[in-house]
Amino acid sequence: MLESLKGPEDLKALNAAQLAELSSEIRAFLVEKVSRTGGHLGPNLGVVELTLSIHRIFDSPKDIVLFDTGHQSYVHKIVTGRADKFDGLRQRGGIAGYPNRRESEHDVIENSHASTALSWGDGISRGFSITGQNDRHVVVVVGDGALTGGMSWEALNNIATAGTRNLVIVVNDNERSYSPTIGGLATHLSTLRMTQGYERFLDWGKDVLQKTPVVGAPIFETLHGMKKGIKDIVAPQGMFEDLGLKYIGPIDGHDIAAMDRALEQAKEFGEPVLVHVITEKGRGYSPAIADEAEKFHAVGIVDPETGLPVSSSKTSWTDVFAGELVEIGKKREDIVAITAAMLGPTGLDKFQKVFPDRTIDVGIAEQHAVTSAAGLAYTGLHPVVAVYSTFLNRAFDQVLLDVALHGAGVTFVLDRAGVTGDDGPSHHGIWDMALTGIIPTMAVAAPRDGARLRLALSEAVDINDRPTMIRFPKGAVHNDIPAFESRDGIDVLYRGESADVLLVSIGAMAPIAVEAASQAYREGVGVTVIDPRWVKPLPQSLVTMARRYKSVVVLEDGIRHGGIASSLSELFRDARLEVPIHSIGVPLEFIEHSKRAEILEDLGITAQQIAREVVEWSSTSEPMQFQEHENADRTQLR
Ligand SMILES: Cc1ncc(C[n+]2csc(CCOP(=O)(O)OP(=O)(O)O)c2C)c(N)n1
């Protein structure tokens, strides 16, 4: 069936048995493909019927289908003609793990950051009203996890009174974010789930009323009919209704007939309607169902039979942080850990096991996490906020004003900093150093290895009158790189024979920097590699040190614009030091998904390429401020 499926319109002619067959084929397909590439397996296994039903009742791309976060859009991709591209899922040049406008006219937004789709839906449906495109519907699929994000509620608040007609919100309630969804909303949804549902009422209505001669059928039709049938009669008064939204549910999201009925009603209703759908994350795949922690939310390459990882797991940066925080927590009762729906991925699950009362999961609510941390700090506690680098972007204002302005001693730990790889443009953690670079008082550390990560963490939690941040990349941590000399907070990692080039290596770039220096040495160029460890503020002694060199190179795993090379150039400018600075880092561009190593290679961030350039630069006699790195964009550091 899957092979003959060419587009969403083909779904409309299928009968119940064919749809059931197609659903199981799609599940087998997902397990086979995603186990080979890695990806969001559990969420997609849960939305098979839901997605089929949406594409049966609505007409994409005339109608717009939006998936919040977008990690659960694989079935949508299969249905919209991309099944044959799944071998390349999240691979270089292949299809993305999230909706992507370049792939299909059926993808309208490119996301990956949660809780934005309702705002998109609000905007698009308002736009359709204003421009008279009244025959076009907008369907927003939003998970119970994504509903914990504040933006979702800002959107619902607007949608309820916007007066737009054709907006259908499908709440995909699987009781889980990564782990079980937390908070008052989760409690409310579970109340709705346990209450006699609309669908069950309809089934009862069909059985009882339709058997009643003469009046039965009309009464059923009335109840089933548009405005009355929609939940005003039976379903519980939920907060959605209190907000002014029509509510249908709860509906069994694996029952296509029930989904079709609910969506058909919602479509015809003529006002925004929220359809509450219950699904099972990981549906149909026993290793996912058995995974109590995360239901295979996101997997690497796994054995499809057992679901076990194919490669042996090495110690990750996350493991080092998680272990050290537990040790610090044993000595310091004032340490509290905060995460935004990422207990497992940030390693805070380990802290939670030992200190459950000192661990807070706020849901997908980074902004709230940051300001709440400021509040905790006010009471004398020292919060450690652990999030992915990319997700701190949305809490910039809270870090700036609620934490830094208030002199709150909060430690931010940013995992997945730098180029991350397979998750695409919105997941690279390349903005954090530029963003925090402009926050007064904030201190930022970029540890080069596990030992320096532990050290930075212990230093950071001792600072109680201003924010600190520690950033490290995704993946396995490399061996420690000892300093053979340390002065004024600067570690010397490699000493060049001559004072040609001072290579300032930032964080996890250290192995590349050291290797580049030793390759340059073989070409007769003396490169000294240093690691300032704390990159904000940069130590003043860098000025004295740099005076002795012909040129300075900064190597960083973040955007060059406003990054560490930029701060260093300011430091030099203030000190009237005229030494050329070469900046190697990420250009100011959105970077497509690919393996981290492939992207670094594209950007010329390899030991070989850097060595080649350093040799070239050192042979250029004319000193020039802010030289360009040849592979980077040309607009930087002018
Ligand atoms: C702003 C932001 N913070 C964190 C994440 C990481 N994240 C990705 S999916 C997810 C859980 C989403 O749960 P839900 O919306 O219920 O979807 P499900 O996977 O359960 O279908 C989280 C926390 C994110 N994508 N965006």
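Structure: see above.
Residues numbered from 1 in each chain as written. Predicted model: local features only at pLDDT ≥ 70, side-chain atom pairs only at ≥ 80, totals over all residues. Heavy atoms only, no water.

Counted as a void, the second largest pocket has a volume near 250 Å³. Looking at the lining of the second largest pocket residue by residue, the class counts come to six nonpolar, six polar and six charged. (1 Å grid on protein atoms, 1.4 Å probe; cavity = no way out; pocket = protein on both sides within 12 Å on 5 of 7 lines; lining within 4 Å. Points joined across faces, edges and corners; volume = space filled by probe spheres on them. Nonpolar A, V, L, I, M, F, W, Y, C, P; charged D, E, K, R; others polar.)

What follows deals with the packing of helix H3 (residues 48–57) against helix H4 (residues 74–82). The description of two packed helices rests on the angle between their axes and on the distance between the axes. Axis separation between H3 and H4 bottoms out at 9 Å; the angle between their running directions is 45°. Classed by the angle they form, the pair H3 and H4 counts as oblique. In the packing of H3 onto H4, the handedness of the crossing is right-handed. Where H3 approaches H4, its residues Val48, Thr51, Leu52 and His55 are matched on the opposing element by Val75, His76, Val79 and Thr80. For the contact of H3 with H4, the class distribution of residues is four nonpolar, four polar and no charged. (Axes fitted to C-alpha atoms, helices over the stretch in contact; angles between N-to-C directions. Helix = DSSP H or I, 4+ residues; strand = E, 2+ residues; numbered from the N terminus. Parallel < 35°, antiparallel > 145°, perpendicular 65-115°, else oblique. Left-handed = near helix turned anticlockwise from the far one by under 90°. Contact = heavy atoms within 4.5 Å.)

Right, let's get into the site of the ligand. In the region of the ligand, 23 residues are neighbours, and His71, Ser112, Gly145, Arg176 and Glu366 sit closest. Between the ligand and Gly145 there is a distance of 2.7 Å, counted from an oxygen atom to a backbone nitrogen or oxygen. Burial of the ligand by the protein chains amounts to 98% of its free accessible area of 580 Å². Residues of the shell around the ligand, tallied by class, amount to eight nonpolar, 10 polar and five charged. (Near = heavy atom within 4 Å. Polar contact = N/O pair within 3.5 Å; in protein donor to acceptor, adjacent residues only side chain to side chain. Areas by Shrake-Rupley, 256 points an atom, 1.4 Å probe, with all protein chains shown as cover.)

Summed over the entire model, instances satisfying the criterion amount to six cavities of 30 Å³ or more. Of the voids in this model, the largest cavity is the one considered here, and its volume is about 80 Å³. Of all the secondary-structure elements, those providing two or more residues to the lining of the largest cavity are helix H18 (389–392), helix H19 (396–404) and helix H20 (432–436). The biggest single contributor to the lining of the largest cavity is H20, with three residues. Residue composition of the lining of the largest cavity, grouped by class: five nonpolar, three polar and one charged.

Glancing now at the sheet that holds strand E7 (residues 359–361). Across a sheet, strands are paired by hydrogen bonds formed along the backbone, either parallel or antiparallel in direction. Read across the sheet, seven strands follow the order E7-E6-E8-E9-E11-E10-E16 without closing on themselves; strand pairing throughout is mixed. Unpaired on one side and paired on the other, E7 and strand E16 (534–536) mark the two borders of the sheet. Adjacent strand axes in the sheet meet at a mean angle of 25°, parallel and antiparallel pairs treated alike. Where strand E8 (residues 382–388) meets strand E9 (residues 411–415), five bridges bridge the pair, whose relative direction is parallel. The residue of E9 that forms the bridge with Ala386 is Val413. Packing against the sheet, helix H21 (residues 450–460) makes contact with E8, E9, strand E10 (443–445), strand E11 (468–471) and E16, and its axis sits at approximately 170° to E11. (Pairing = 2+ DSSP bridges.)

Once that is clear, we can look at the sheet that holds strand E5 (residues 273–278). Taken in spatial order, the five strands make up an open sheet running E1-E2-E3-E5-E4, and their pairing is parallel. Single-partner strands in this sheet number two, and they are strand E1 (64–67) and strand E4 (246–252). Strand-to-strand, the axes of this sheet are offset by a mean angle of 20°, without reference to chain direction. Bridge analysis of E1 against strand E2 (residues 138–143) gives four bridges, and the strand direction is parallel.

The next thing to look at is the environment of Ala451. Take Ala451: it is sitting in helix H21. Relative accessible area serves as the criterion here: at 23%, Ala451 is assigned to the partly exposed category. Sequence separation of Ala451 and Asp480 is 29 residues, and the distance between their C-alpha atoms is 6.4 Å. (Buried < 20%, exposed > 50% of the residue type's maximum accessible area, 1.4 Å probe, protein only.)

Further remarks concern unusual backbone geometry. The peptide bond linking Ser60 to Pro61 adopts the cis configuration, its omega dihedral lying at 10°. Residue Pro250 is reached from Gly249 by a cis peptide bond, and omega for that bond is -10°. Considering the arrangement of structural elements, one finds Pro250 in strand E4. Not every positive phi belongs to a glycine, and Ser115 is a case in point at roughly 70°. Take Ser115: it is sitting in the loop between H4 and helix H5 (117–130). The class of Ser115 is buried, set by a relative accessible area of 1%. A positive phi angle, near 55°, is found at Arg416, a position not held by glycine.

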